[in-house]
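Chain and residue survey
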Amino acid sequence: MNTSALLAAVLGFGLTLGLIRFLTPLAGRYGLVDSPAAGRKEHAGNTPTVGGLAIALGLASTALLAQFATQVHPAFWAGLFLIALTGTLDDLFDLQPAIKFAVQIAAALLMIYWGGLILLSLGDLVTAQPLLLGRFAVPLTVFAMIGVVNAINLCDGADGLGAGLAFISVFWISVMGAASAHASTLTLAVALLGCIAAFLVFNMRSPWRGRAAIFLGDAGSLSLGFALAWLTIEAAQPHTQLFPPVTAIWLVAIPISDTIVCMSRRLIRGNNPFRADRTHVHHILIDLGMSVGGAVALIHAVAFVLAAAGAAGWALGVREHHMFYTAMAVFVLYIVLVQWGLKRVAADQTPTRLHKI
């Protein structure tokens, strides 16, 4: 890893740490707090939701001070702050889903038509021949970006979970960027790692911190999703390809799988796919008796192994369609395990019936 990338990581960590210290006391004054509620929001007391703002501002400040801002296309910064601003407004006023989706589509179109990032091919996904997207390139690129953005947002339901999953994905992008000497991708990714790490100091449970001191807020989960989507789509561009599109599936395997399974179950039952419930994998593990910290650690460990497998497949030159079919097999196994977990939870919650003698 080059010196500029290391400097970016250190600056990202330090600046984000400082911004968290600065913004946290202001959160209550401006209404950027998350209050406990029955059901899903069971944290103790009002918790500041300034983590996302600190990460976005920390990343931009790092880019300026480390002098790599111009190496990143302006469309990235425009999209990042458009998403962060919308997320902040959502944290304050609880925006309608249609508004948030419209902004996400706008950010995706900025990435495509201004940034020039578009998925023209899914690579050798099904056979040894490339799967070209043709007229579907733009809508599928928009769909991919929105999918990653909302996957990170929807899985951010336990201390350290969403940011930790994003950190794991970006970590492996950094490793592959370092191995391939992709300077711009590496520097941005490593700077983002530093920013996320600073946030996790305050958000991750540990022997020294029983509960999160701050949350990402929608500003953070949506911004991290956008940054991750940008990095993966940029890495899959044919003219400067860092890794094929199938590798991205492994990098975001857990958040994407969790989102697909949860939304599909809600749709099958005739419910709003965005209506909150306790069927996310972290809820299942907690309802089965695991501690919050234990559940998050297990999910992080599985996500790390899956992302490492994707990176290993890339490094070893494993055929893309072989990696895809293996990923689908892992996804099926995930569905089976989740269904088993839900049945166990339902059984544990069913009152014991007394039989008449």
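Residues numbered from 1 in each chain as written. Predicted model: local features only at pLDDT ≥ 70, side-chain atom pairs only at ≥ 80, totals over all residues. Heavy atoms only, no water.

1. Things to note about the overall build of the protein
- If you tally the helices and strands in the protein, you get 13 helices and 2 strands.
- When its C-alpha atoms are laid out on the principal axes, the protein stretches across 75 × 55 × 40 Å.
- Every one of the 357 residues in the protein was classed for burial, and the buried ones make up 50%.
- In the protein, the proportion of contacts linking residues at least 24 apart, taken out of those at least 6 apart, comes to 73%.
- Only carbon and sulfur atoms are counted for the fraction: they give 67% of the accessible area of the protein, which is about 16700 Å².
- Looking at charge distribution, the protein has the averaged site of its 19 positive side-chain charges lying 8 Å from that of its 15 negative ones. (Helix = DSSP H or I, 4+ residues; strand = E, 2+ residues; numbered from the N terminus. Buried < 20%, exposed > 50% of the residue type's maximum accessible area, 1.4 Å probe, protein only. Contact = heavy atoms within 4.5 Å. Areas by Shrake-Rupley, 256 points an atom, 1.4 Å probe, with all protein chains shown as cover. Lys, Arg positive; Asp, Glu negative; His and termini not counted. Charge placed at Lys NZ, Arg CZ, Asp CG, Glu CD.)

2. Thoughts on the packing of helix H2 (residues 51-65) against helix H7 (residues 183-203)
- For the pair H2 and H7, the least separation of the axes is 9 Å and the interaxial angle reads 145 degrees. Here the hand of the crossing between H2 and H7 comes out right-handed. Between H2 and H7, the residues in contact are Gly51, Ile55, Gly58, Leu59 and Thr62 and Leu188, Ala191, Leu192, Cys195, Ile196 and Phe199, respectively.
- Counted by class, the contact of H2 with H7 contains 8 nonpolar, 3 polar and no charged residues. (Axes fitted to C-alpha atoms, helices over the stretch in contact; angles between N-to-C directions. Left-handed = near helix turned anticlockwise from the far one by under 90°. Nonpolar A, V, L, I, M, F, W, Y, C, P; charged D, E, K, R; others polar.)

3. As for the side chain of Thr185
- One can find Thr185 in helix H7.
- A distance of 3.5 Å separates polar atoms of two side chains, one belonging to Thr185 and the other to Glu234.
- In contact with Thr185, not counting residues within four places along its chain, are Ile173, Leu231, Glu234 and Leu242. (Polar contact = N/O pair within 3.5 Å; in protein donor to acceptor, adjacent residues only side chain to side chain.)

4. Considering the pattern of salt bridges
- Per the counting criterion, the structure on display carries 4 salt bridges.
- With its nearest N and O atoms 2.7 Å apart, the salt bridge here joins Arg205 to Asp159. Placement of Arg205 in the loop between H7 and helix H8 (217-235) and of Asp159 in the loop between helix H5 (137-154) and helix H6 (161-180) is noted, with a sequence separation of 46 residues between them.
- The exposure class assigned to Arg205 is partly exposed, which follows from its relative accessible area of 26%. (Salt bridge = Lys/Arg side-chain N within 4 Å of Asp/Glu carboxyl O.)

5. A closer look at helix H1 (residues 3-30)
- For H1, spanning 28 residues, the distance from its first C-alpha to its last is 39 Å, which sits close to the expected 40 Å at 1.5 Å a residue.
- Taken residue by residue, H1 has Ala5, Ala8, Ala9, Gly12, Thr16, Leu19, Ile20, Leu23 and Ala27 as its buried positions.
- Taken together, the buried residues of H1 touch strand E1 (33-34), strand E2 (47-48), H2 and H7. (Expected span 1.5 Å × (residues − 1).)

6. Describing the packing of H7 against H8
- Interhelical geometry of H7 versus H8 gives an angle of 155 degrees and a closest axis separation of 11 Å. Comparing their axes, H8 and H7 come out roughly antiparallel. Like other packed secondary-structure pairs, H7 and H8 cross with a definite hand, here left-handed. Mapping the contact onto sequence places Thr185, Leu188, Ala189, Leu192 and Ile196 in H7 and Leu224, Ala227, Leu231 and Glu234 in H8. (Parallel < 35°, antiparallel > 145°, perpendicular 65-115°, else oblique.)

7. Considerations on a nonpolar patch on the surface
- On the surface, Leu85, Leu89, Leu92 and Phe93 cluster together into a nonpolar patch covering about 370 Å² of accessible area.
- Within the secondary structure, Leu89 is located in helix H3 (residues 74-93). (Patch = residues over 30% accessible without salt bridge, like charges linked within 9 Å, V, L, I, M, F, W, Y side chains within 5 Å.)

8. Quick word on H2
- The terminal C-alpha atoms of H2 lie 21 Å apart, and with 15 residues this matches the ideal 21 Å at 1.5 Å per residue to within 8%.
- If you follow the buried residues of H2, they end up packed against H1, H3, H7 and H8.
- Once H2 finishes, Gln67 follows within two positions and takes phi at roughly 60 degrees, a positive value.

9. Describing unusual backbone geometry
- Phi is positive for Gln67, which is not a glycine, with a value near 60 degrees.
- Its location among the elements puts Gln67 in the loop between H2 and H3.
- Classification of Gln67 as exposed rests on a relative accessible area of 67%.
- Look at Asp94: it is not a glycine, yet its phi comes out positive at around 55 degrees.
- Assignment of secondary structure puts Asp94 in the loop between H3 and helix H4 (97-114).
- Judged by its relative accessible area of 61%, Asp94 is exposed.

10. Things to note about the confidence of the model for the protein
- For the protein, per-residue confidence averages 91 on the pLDDT scale, and 95% of positions sit at 70 or higher.
- Here E1 stands out as the least confident element of the protein, with mean pLDDT 92; helix H12 (residues 292-316) is the most confident, with 97. (pLDDT = per-residue confidence, 0-100.)

11. Considering the packing of aromatic side chains
- Enumeration according to the criterion identifies 9 aromatic pairs in this entry.
- Judged by centre distance (5.9 Å) and plane angle (25 degrees), the ring pair of Phe76 and Phe226 falls under stacked. Taken together, the residues span a long stretch of sequence, with Phe76 in helix H3 and Phe226 in helix H8 at a distance of 150 residues.
- When the ring of Phe171 is compared with that of Trp172, the centres are 5.3 Å apart and the planes differ by 80 degrees; the resulting orientation is edge-to-face.
- An aromatic cluster is present here, built from Phe76, Trp77, Phe226 and Trp230 joined pairwise through their rings. (Phe/Tyr/Trp six-rings, centres within 6.5 Å; stacked < 30°, edge-to-face > 60°.)

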